[in-house]
Amino acid sequence: MPCGRAALWLGLIRRMGVRAVIDTLLPTESEIPHGAVIEVLMLSRLLDPHPLSRIEDWMRASGVDVLLGHDAAKFNDDRIGRTLDALGDKVRDAQTALTTGLILAFALRTIDAHYDTTSLWLEGAYDDSELAARGHSKDGRGDHKQVVVGTVTTEDGEVPLAHAVHRGNTGDVSTVPEALRSLRACVPHDPVVISGDSVMGSRANMDAVAAAEGIFLGPIAMGPKVVEWVCAAEPTIEVAVSLLRQKEPVRYLACVASRFAVNGVADAGTHLVIFDPRRAQQEATERTRALARLETGLDALAASLNQGRLKTLDAAKKKLRALLTRHGLAARYLNAELVTEGDSMSLRRTRDEAALAAAPGRDGRWPLVTNRSGLSDEELCTWAVRRYKTHGRIERDHHLLKGPLAVRPLFVQNDARIRSLVAVCVWALTAWKLMERQAPGALASMPKSGRPKASLVERIEAFFQAIALVRFRVGNNVRQSVSALPSRTQSLLHSLGWHREVRGILDDATHAQLQV
């Protein structure tokens, strides 16, 4: 049976030190250590997510039981539940130990960090849960209770460093101080930059980050007063940023607009204005097209008045409201009203020329705020634009939690198990991101093969697809033999950084014997 992918991921999990950390924190007299259960759950998330009640069947079919050296029957739902219960109160300690080891093992940069949240919905009532609650659902599942998960990741590779699980009705802005405390437990010495769309949701949030000796960076809402100084700014500092899926660096213009007080310190915060010429052109084009679409719709409405279903004023008003709602962007720049003369209705519309004249001054502009100090205006603008424009991968990574890693929906019995299962899935995401981070260098000397649009992880996995575990009988014993690693695969493993772990796993599987 194929076992290469499982060995690849299990080797990385061992390199991360997951089993050693869990077994140290959660000693047990059980035949199956807690660390082995966590390894199995992580492998399940990474390879082929299954409900917790069928893990043992998947282990037998995939050969994971042989790679781990444990009978799959021992990994039943009761055994998994006991591990999740035991881990619940130790999640933060485990995350701290794992992060400390990861920083050293993979030379992770921890000066900058990015923070964001997502929601994970739950199946079941959870009447006694302190975490499960209805709130704003980022999954569009407001009919279910949920939890909110905040994740702090590295700037280089978006590798998770810390995470926290919050009650399902917790607002994004109130989760930031807790996230910073969690990160400080893992990275106590480095100054940390917390960036993200939810970080600057309130002045209190900025003060809290600053009070915890953190540096914040992110956008603020474009209210009327903010729009005024954003439009009045004159961005002149050019910043080039290398972005994913862009062959050439993207050019932005930026400037410092003003200073403001943070945590009681005058001028500790900075308002920046960023201008994106490409975005400005796109917004102007879309506004023109949106106006044309709305006016076409209004022409059709005007032609249909006083006939068919539009013989009454109420029906015509309902149709007009629906049209303006559907074309919300254009509706900002156009006034439309129904006029009655006797028994006849007509539609009167006019463009808001003042609003249209002011719109180009806002196109392609957005505000950022930060409390970073010690840089000139040009240095600050360059740092802020490059840092902010390269942080967006965490949103995609949260999608990985909900897609390939299948963290949702959660269906476990209590809050301890919720925290534990979320931790397992975040650690699986950590393994995924480490694989992505190491892949470019490892693949640089490898021939391109497989699907042309395959992801980095898929390209790495393709080298291990042919590795298989063969079982054969010798007397009363069943032995295993693993196919040899091709030289290219061995070279790839050396470049990835966990060759010893994978080689040890495969050697143990080859020499193992099972009694029948």
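Here the structure is a predicted model, which means the values were calculated and not measured.

Cut-offs used in this document
Residues numbered from 1 in each chain as written. Predicted model: local features only at pLDDT ≥ 70, side-chain atom pairs only at ≥ 80, totals over all residues. Heavy atoms only, no water. Pairing = 2+ DSSP bridges. Helix = DSSP H or I, 4+ residues; strand = E, 2+ residues; numbered from the N terminus. Axes fitted to C-alpha atoms, helices over the stretch in contact; angles between N-to-C directions. Contact = heavy atoms within 4.5 Å. Expected span 1.5 Å × (residues − 1). Buried < 20%, exposed > 50% of the residue type's maximum accessible area, 1.4 Å probe, protein only. Patch = residues over 30% accessible without salt bridge, like charges linked within 9 Å, V, L, I, M, F, W, Y side chains within 5 Å. Areas by Shrake-Rupley, 256 points an atom, 1.4 Å probe, with all protein chains shown as cover. Salt bridge = Lys/Arg side-chain N within 4 Å of Asp/Glu carboxyl O. Arc of directions from axis to C-beta. Parallel < 35°, antiparallel > 145°, perpendicular 65-115°, else oblique. Nonpolar A, V, L, I, M, F, W, Y, C, P; charged D, E, K, R; others polar. Disulfide = S-S within 2.5 Å. Phe/Tyr/Trp six-rings, centres within 6.5 Å; stacked < 30°, edge-to-face > 60°. Lys NZ or Arg CZ within 6 Å of the ring centre and 35° of its normal.

J.: Can you help me understand the sheet that holds strand S8 (residues 265-275) in this one?
T.: For sheets, the rule is that strands pair by backbone hydrogen bonds, running either parallel or antiparallel. Strand order in the open sheet formed by nine strands is S3-S2-S1-S4-S5-S11-S8-S7-S6, and the pairing between neighbours is mixed. The outermost strands of the open sheet, each flanked by one partner alone, are strand S3 (160-167) and strand S6 (237-241). Ignoring strand direction, the axes of neighbouring strands in this sheet form an average angle of 30°. Here S8 runs beside strand S11 (residues 365-370); their pairing, made up of six bridges, is antiparallel. The residue of S11 that forms the bridge with Ile274 is Trp366. Packing of helix H17 (residues 415-443) onto the sheet brings it into contact with strand S1 (112-121), strand S2 (146-154) and S3, and relative to S3 it is tilted by some 150°.

J.: Just to check I follow, could you spell out the environment of Leu347 for this structure?
T.: Relative to the helices and strands, Leu347 is located in strand S10 (residues 344-351). Through-space distance from the C-alpha of Leu347 to that of Leu305 is 8.4 Å; in sequence the pair is 42 residues apart. In this structure Leu347 touches Leu298, Leu301, Ala302, Leu305, Leu320, Ala336, Glu337 and Leu338, once residues within four positions along its chain are discounted.

J.: Please explain helix H3 (residues 34-47) as it appears in this structure.
T.: Along an α-helix, a turn takes 3.6 residues, which lines up residues three or four apart on a common side. Here H3 is 14 residues long and its end C-alpha atoms lie 20 Å apart, about the 20 Å a rise of 1.5 Å per residue gives. For H3, a buried count of 14 out of 14 residues is recorded, marking the element as mostly surrounded by other parts of the structure.

J.: Is there a simple way to explain a nonpolar patch on the surface in this structure?
T.: A cluster of nonpolar side chains, Val470, Phe472 and Val474, forms an exposed patch at the surface whose accessible area comes to about 240 Å². By secondary structure assignment, the location of Val470 is in strand S12 (residues 469-474). Looking at Val470, the relative accessible area reads 48%, which means it is partly exposed.

J.: Looking at this structure, how should I read the pairing of strand S5 (residues 215-219)?
T.: Along a regular strand, successive side chains alternate from one face of the sheet to the other. Among the five residues in S5, five count as buried, and that is most of the element. Side-chain alternation along S5 places Ile215, Leu217 and Pro219 on one buried face and Phe216 and Gly218 on a second face that is also buried. One ladder, built from three bridges, connects strand S4 (residues 193-195) with S5; its direction is parallel. In the strand pairing of S5, Ser195 is matched with Leu217.

J.: Quick question: what am I supposed to make of helix H12 (residues 313-326) here?
T.: For H12, which comprises 14 residues, the first-to-last C-alpha distance of 20 Å matches the rise-based estimate of 20 Å (1.5 Å per residue) to within 8%. The complete set of buried residues in H12 reads Ala316, Leu320 and Leu323. Taken end-on, H12 shows its buried residues confined to a sector of 65°, consistent with a single buried face. Turned more than 90 degrees away from the buried face of H12 sit Asp314, Lys318, Arg321, Thr325 and Arg326, all of them exposed. Structurally, H12 contributes buried residues whose contacts are with helix H11 (277-304), strand S9 (334-341) and S10.

J.: Help me out: how do you make sense of the packing of helix H6 (residues 77-87) against H17 in this one?
T.: Axis separation between H6 and H17 bottoms out at 7 Å; the angle between their running directions is 95°. When the axis of H6 is compared with that of H17, the two are roughly perpendicular. Within the contact between the two elements, H6 uses Gly81, Arg82, Leu84, Asp85 and Leu87 and H17 uses Ala416, Arg417, Ser420, Leu421 and Trp427. Considered class by class, the residues forming the contact of H6 with H17 number five nonpolar, two polar and three charged.

J.: Help me understand unusual backbone geometry in this model?
T.: For residues other than glycine, phi is negative in most cases, and the peptide bonds are mostly trans. Phi is positive for Ala107, close to 50°, though the residue is something other than glycine. Relative to the elements of secondary structure, Ala107 occurs in the loop between helix H7 (91-105) and S1. The class of Ala107 is exposed, set by a relative accessible area of 54%.

J.: Would you take a moment to explain the state of the cysteines for this structure?
T.: Note: disulfide means a covalent bond formed between the sulfur atoms of two cysteine side chains. This structure, assessed with the given rule, holds zero disulfides. Between Cys381, a free cysteine, and Cys255, which holds the nearest cysteine sulfur, the sulfur-to-sulfur gap is 6.5 Å.

J.: How should I be thinking about the side chain of His327 in this particular structure?
T.: Relative to the helices and strands, His327 resides in the loop between H12 and helix H13 (328-331). Relative accessible area serves as the criterion here: at 16%, His327 is assigned to the buried category. In contact with His327, other than residues within four places in its own chain, are Arg293 and Leu294.

J.: Honestly, the packing of aromatic side chains in this entry has me stumped. Any pointers?
T.: A complete count under the given rule lists two aromatic pairs for this structure. Ring centres of Trp9 and Trp432 lie 6.0 Å apart, and the angle between their planes is 20°; this geometry places the pair in the stacked category. Of the two residues, Trp9 is situated in helix H1 (residues 4-16) and Trp432 in helix H17; the sequence distance between them amounts to 423 residues. The pair Trp9 / Trp432 is uniform in exposure class, with both members buried. Ring centres of Tyr252 and Trp366 lie 6.2 Å apart, and the angle between their planes is 90°; this geometry places the pair in the edge-to-face category. Of this pair, Tyr252 sits in strand S7 (residues 250-262) while Trp366 sits in strand S11, and the two are 114 residues apart along the sequence. We note that Tyr252, like Trp366, is buried. Across the ring face of Tyr333, the terminal group of Arg287 is positioned such that the distance to the ring centre comes to 5.8 Å.

J.: Looking at this model, I keep getting lost on the pattern of salt bridges. Mind explaining?
T.: Side-chain pairing between opposite charges can occur once the charged atoms of the two side chains come close. This model, assessed by the stated rule, comprises 19 salt bridges. The partner of Asp276 in a salt bridge is Arg278, and the shortest N-O contact between them spans 3.9 Å. Residue class for Asp276 comes out buried when judged on its relative accessible area of 4%. Taking the shortest distance from any N to any O, the salt bridge between Glu337 and Arg348 comes out at 3.7 Å.

J.: What is the right way to look at the pairing of S8 in this model?
T.: Of the strand pairs in this sheet, S7 and S8 are connected by eight bridges, and their pairing is antiparallel. What sits directly across from Leu253, in S8, is Phe275. From the end of S7 to the start of S8, which pair antiparallel, there are two residues, and Asn263 there has a positive phi angle of about 55°.

J.: How do you make sense of the environment of Arg332 when you look at a structure like this?
T.: By the secondary structure assignment, Arg332 is in the loop between H13 and S9. By relative accessible area, which is 57% here, Arg332 ends up exposed. Taking C-alpha positions, Arg332 is 8.1 Å from Asp352, a pair spaced 20 residues apart along the chain.

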